[in-house]
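# Breakdown of the fold
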Amino acid sequence: MGLFRKKDKKEVKPHKEIDIKREIKKAEAEKEEALWIKCTSCMELLYRKEVERNYGICPKCLYHFPISVEKRIELTFEPNSFKEFYEKLTPVDFLKFKDTKPYKTRLEELMEKMGRKDAVVCGSGKIGNIEVLSAIFDFNFMGGSLGSVVGEKITRLLEEGRRRKLPVVIFCTSGGARMQEGIMSLMQMAKVTGAIYRLKEEGVPYITVLTDPTLGGVSASIAMLGDIIIAEPKAMIGFAGPRVIKETIKEELPPFFQRAEYLFEHGMIDMIVDRKDLKQTLYKVISTILS
């Protein structure tokens, strides 16, 4: 018997062959899909660039697609007039919360992807010749949820409006309070509501613009307390969503329930304004209040 054993040859696994034709077809399909968008209201398949040229509005049914914070600023304020506030405020994982992934990890990933710290952008800008303070929710950041930083930024903005006697306009889109922050999230509703009433006591205009969707704690505080409440067409607005309500009460809901048109018909909002006309409408409303 020899002193040395012959080394076993390592099994070499063959490289997985790449199906070039299949990969090309997949890439072409993804490219084709990026060119089209499906309307969540009328379910029509739309050419994406046509929707973008039309201010993010469905040309078939006039549903207003969500738009980015940057696009909202571009459509609302005079060029280069918007200046952001409080951009360094960063949320804290008070509860060490974890669902499918830790809250801290989720925040870090979103901050890197979105290029901002949380779900609202605050600042000042000009609509026509009128300087206003504004907060714009970003639904792509954790569903525009109301957390401690969102509440703090909006409260600071409202206090700034009270101090400087400047109108405040808030663009809402949110799924509600941020569950990962528990009671720290829920208390923001009371904190922001207090700041709104202090602003109103000084006679400073407070206007809210409700976009699709505006739900939960944001609708129950920030959104529905405006001196003037404006909504975009077909925006879903409410506390709980219609599916939850239907399952709870075990009854069929009225047509267009919790859509902007239904709320306007029942006197819960003041006007529905097409996105194309929103800047001009805001100018008229604010200038009228201030005159």
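This report concerns the structure included in the present document. Keep in mind it's a predicted model, so treat the numbers as computed, not measured. (Residues numbered from 1 in each chain as written. Predicted model: local features only at pLDDT ≥ 70, side-chain atom pairs only at ≥ 80, totals over all residues. Heavy atoms only, no water.)

## Focus: the overall build of the protein chain
Within the protein chain, the secondary structure is distributed over 10 helices and 9 strands. By the burial criterion, 44% of the 291 residues in the protein chain qualify as buried. Pairs at least 24 residues apart make up 67% of the contacts formed inside the protein chain by residues separated by at least 6 positions. Carbon and sulfur atoms form 56% of the exposed surface of the protein chain, whose accessible area is close to 17200 Å². (Helix = DSSP H or I, 4+ residues; strand = E, 2+ residues; numbered from the N terminus. Buried < 20%, exposed > 50% of the residue type's maximum accessible area, 1.4 Å probe, protein only. Contact = heavy atoms within 4.5 Å. Areas by Shrake-Rupley, 256 points an atom, 1.4 Å probe, with all protein chains shown as cover.)

## What about the pattern of salt bridges?
Per the counting criterion, the structure on display carries 22 salt bridges. Among the ionic pairs, Asp 138 bridges to Arg 116, the shortest N-O distance being 2.5 Å. Taken as a pair, Asp 138 in the loop between β5 (130-137) and α5 (148-164) and Arg 116 in the loop between α4 (103-114) and β4 (120-127) lie far apart in primary sequence, 22 residues in all. Arg 116 gets classed as buried once you look at its relative accessible area, which sits at 13%. The shortest N-O distance in the salt bridge between Lys 191 and Glu 152 comes to 2.9 Å. Taken together, the positions of Lys 191 in helix α6 (residues 182-201) and Glu 152 in helix α5 put the pair 39 residues apart, joining distant regions of the chain. For Lys 191, a relative accessible area of 25% gives the class partly exposed. By sharing partners, the salt bridges in this structure join Glu 131, Glu 160, Arg 163 and Arg 164 into a single network. (Salt bridge = Lys/Arg side-chain N within 4 Å of Asp/Glu carboxyl O.)

## What to know about the pairing of β5
Counting buried residues along β5, 7 of its 8 residues qualify, which places the element largely inside the surrounding structure. The sheet contact formed by β4 and β5 spans 8 bridges and is antiparallel. Paired with Val 120 across the two strands is Phe 137, which belongs to β5. The turn linking β4 back onto β5 is made up of 2 residues, and Gly 128 within it adopts a positive phi angle of 65 degrees. Bridge count between β5 and strand β6 (residues 168-174): 4 bridges; the pairing is parallel. Within the sheet, the bridge partner assigned to Ala 135 lies in β6 and is Ile 170. In this region the chain leaves β5, passes through α5 and returns to the parallel neighbour β6; the handedness of that crossover is right-handed. (Pairing = 2+ DSSP bridges. Right-handed = clockwise from strand over helix to strand, strands pointing away.)

## Regarding empty space enclosed by the protein
The gaps of empty space that remain are located by a probe, the size of a water molecule, rolled over the atoms. All chains considered together, the criterion is met by 1 cavity of 30 Å³ or more. For the largest cavity, the calculated volume is near 40 Å³. The wall of the largest cavity is formed by Arg 72, Leu 75, Thr 76, Arg 275, Leu 278 and Lys 279. Elements represented by at least two residues in the lining of the largest cavity include exactly α3 (69-76) and α10 (278-290). Taken together, the residues that form the lining of the largest cavity break down as 2 nonpolar, 1 polar and 3 charged. (1 Å grid on protein atoms, 1.4 Å probe; cavity = no way out; pocket = protein on both sides within 12 Å on 5 of 7 lines; lining within 4 Å. Points joined across faces, edges and corners; volume = space filled by probe spheres on them. Nonpolar A, V, L, I, M, F, W, Y, C, P; charged D, E, K, R; others polar.)

## Some thoughts on the nonpolar core
Core analysis: the largest hydrophobic core is formed by 43 residues, its most contacted members being Ile 154, Leu 158, Ile 170, Tyr 206 and Ile 222. Considering each element in turn, this core owes the most residues, 5 residues, to α6. Ignoring anything within four residues of it in the chain, the contact list for Ile 222 reads Phe 137, Leu 146, Ile 154, Ile 170, Cys 172, Val 192, Ile 196, Tyr 206 and Thr 208. (Core = buried A, V, L, I, M, F, W, Y, C linked by side-chain atoms within 4.5 Å.)

## Some words on the side chain of Ser 174
Structurally, the position occupied by Ser 174 is in strand β6. Residue Ser 174 is classed as buried on the basis of its relative accessible area, which comes to 0%. Among the polar contacts made by the side chain of Ser 174, one reaches the main-chain carbonyl oxygen of Gly 144 at a distance of 2.7 Å. (Polar contact = N/O pair within 3.5 Å; in protein donor to acceptor, adjacent residues only side chain to side chain.)

## A short note on the environment of Thr 76
If you trace the backbone, Thr 76 turns up in helix α3. Residues Thr 76 and Lys 276, 200 residues apart in the sequence, show an inter-C-alpha distance of 9.7 Å. If near-sequence neighbours (up to four positions away) are discounted, Thr 76 is found in contact with Lys 126, Ile 127, Phe 171, Lys 279 and Leu 282. At a separation of 2.8 Å, a polar atom in the side chain of Thr 76 contacts the main-chain carbonyl oxygen of Arg 72.

## Comments concerning the pairing of strand β8 (residues 228-231)
Here strand β7 (residues 206-214) runs beside β8; their pairing, made up of 4 bridges, is parallel. Among the inter-strand pairings, Thr 208 is bridged to a residue of β8, identified as Ile 229. Both β8 and strand β9 (residues 271-272) contribute to a ladder of 2 bridges, which runs parallel. Opposite Ile 230, over in β9, you have Met 271 as the bridge partner.

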